[in-house]
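Analysis of the macromolecular model
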Amino acid sequence: MSHKQLWSIITGLILLNVVTILVFVIKPLDSAKTAGFGGDEAVAKVGDTQITRAVWMKALEDRYGKEVLSDLVDDKVIRRAAEKYKVKVTDNDVEREYKVTKTMYGASAQNNKSAKQWKQQIKSNLLLEELLTRDVKISEEEKKKFYDENQELYKIPTAYHLSQILVSSKHQANVIRKELKGGSTFAVLAMEKSLDEFTANQGGDMGFLSADNEQAPKQYLKAAAALKNNSWSKPIKMKDGWAVIYLHEKISGEQFSFSESKKQIRRQIALEQLNMPISSKVFWNEMKVDWYYGKNK
């Protein structure tokens, strides 16, 4: 998967987050309307100044409305076009891209999304790429040559999704472990006690780390290799103190074979030959899109 393709997935996931936020905002708004509350109801006050529900909703629509609706339309367009042209992607294709995306961009793309949402977005992106390149023919020899010359693109290292709590002494690290055994939440302890401000603000979350990541502490990787998922380590001596790490998930390294990769290679070569944006907008007229912001705009 190219960086361009990965970032298209991440962009889609960000939009998916916005959709989720709006759903949770709109649901209570609908309930409030049913209960008799109107648009003049105050949702916030600053001194004597009120912010009404109508102003709030208008701001949400102005800021996110067109982008979110476009994303929802795109998803439907892709599904219908895929049915029309009998384009499919397998669960194995989705799982492989999911694994690659997690290990490369887990920290920036994973927050507030379920695995199901993530895989839905990946599937939608793969279907779009198949649709855009469906008429492009790439020979088996060309695909094999590309694979042989770029095998590193089809390999993922063993990666660990880790969180950390960094403290100044081994005693403090042992206190952290005692609190964890007593039922305290790792993320809460990280926010309260970790000396690393950046990860502390994320509940200690460091994303996925591997030997390929030059910034990954070797002590963490060694300790993580001995841990089971959803468990924490013994105190680890670091340059600036002592740490306790938590292993959320381990993804075993893998070199994908040519047979596993050749559909992706075909898409990648074809997209480069087409030299066009990866967008479902090219199908909007064909799928007869008519929406709030203007017909087929």
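Refer to the structure printed above.
Residues numbered from 1 in each chain as written. Predicted model: local features only at pLDDT ≥ 70, side-chain atom pairs only at ≥ 80, totals over all residues. Heavy atoms only, no water.

Right, let's get into the pattern of salt bridges. Using the criterion set out here, one finds 18 salt bridges in the structure. In this structure, the salt-bridge partner of E254 is K99, at a minimum N-O distance of 3.1 Å. Here the residue E254 occupies a position in strand β9 (residues 254-255), and K99 occupies one in helix α3 (residues 91-109), the gap between them amounting to 155 residues. Taking relative accessible area as the criterion, E254 reaches 27% and is therefore assigned partly exposed. E140 serves as the salt-bridge partner of K143, at 3.4 Å between the closest nitrogen and oxygen. Placement of both K143 and E140 in helix α5 (residues 140-149) is noted, with a separation of three residues, approximately one turn of the helix. (Salt bridge = Lys/Arg side-chain N within 4 Å of Asp/Glu carboxyl O. Helix = DSSP H or I, 4+ residues; strand = E, 2+ residues; numbered from the N terminus. Buried < 20%, exposed > 50% of the residue type's maximum accessible area, 1.4 Å probe, protein only.)

Before going further, it helps to spend a moment on the packing of aromatic side chains. Inspection of every chain in the model, using the stated rule, returns seven aromatic pairs. Considering the side-chain rings of Y98 and W118, the 5.4 Å spacing of their centres and the 90° angle between planes classify their relative orientation as edge-to-face. Here Y98 is found in helix α3, whereas its partner W118 is found in helix α4 (residues 115-132), with 20 residues between them in sequence. In this structure, Y98 and W118 share a single accessibility class: buried. Ring pairs connect the aromatic residues W284, W291, Y292 and Y293, which therefore count as one cluster. Of note, R96 hangs over the ring of F256, and the distance from its end group to the ring centre comes to 5.2 Å. The ring of F258 is capped by K144, whose NZ or CZ atom sits 5.9 Å from the centre of that ring. (Phe/Tyr/Trp six-rings, centres within 6.5 Å; stacked < 30°, edge-to-face > 60°. Lys NZ or Arg CZ within 6 Å of the ring centre and 35° of its normal.)

For any two helices packed against each other, one specifies the inter-axial angle together with the distance between the axes. One can describe the packing of α4 onto helix α10 (residues 258-274) by two numbers: an axis separation of 9 Å at closest approach and a directional angle of 60°. With respect to α10, the element α4 is oriented oblique. Viewed along their axes, α4 and α10 form a crossing whose handedness is left-handed. Here α4 contributes L126, E129, E130 and L132 to the contact with α10, which in turn contributes R266, R267, L271 and L274. Of the residues in the contact of α4 with α10, the class split is four nonpolar, no polar and four charged. (Axes fitted to C-alpha atoms, helices over the stretch in contact; angles between N-to-C directions. Parallel < 35°, antiparallel > 145°, perpendicular 65-115°, else oblique. Left-handed = near helix turned anticlockwise from the far one by under 90°. Contact = heavy atoms within 4.5 Å. Nonpolar A, V, L, I, M, F, W, Y, C, P; charged D, E, K, R; others polar.)

In terms of strand pairing, strand β1 (residues 42-46) meets strand β2 (residues 49-52) through four bridges, oriented antiparallel. Bridge pairing in β2 links A42 to T52. Here β1 folds back onto β2, and the loop between the two strands holds two residues, one of which, G47, carries a positive phi near 65°. (Pairing = 2+ DSSP bridges.)

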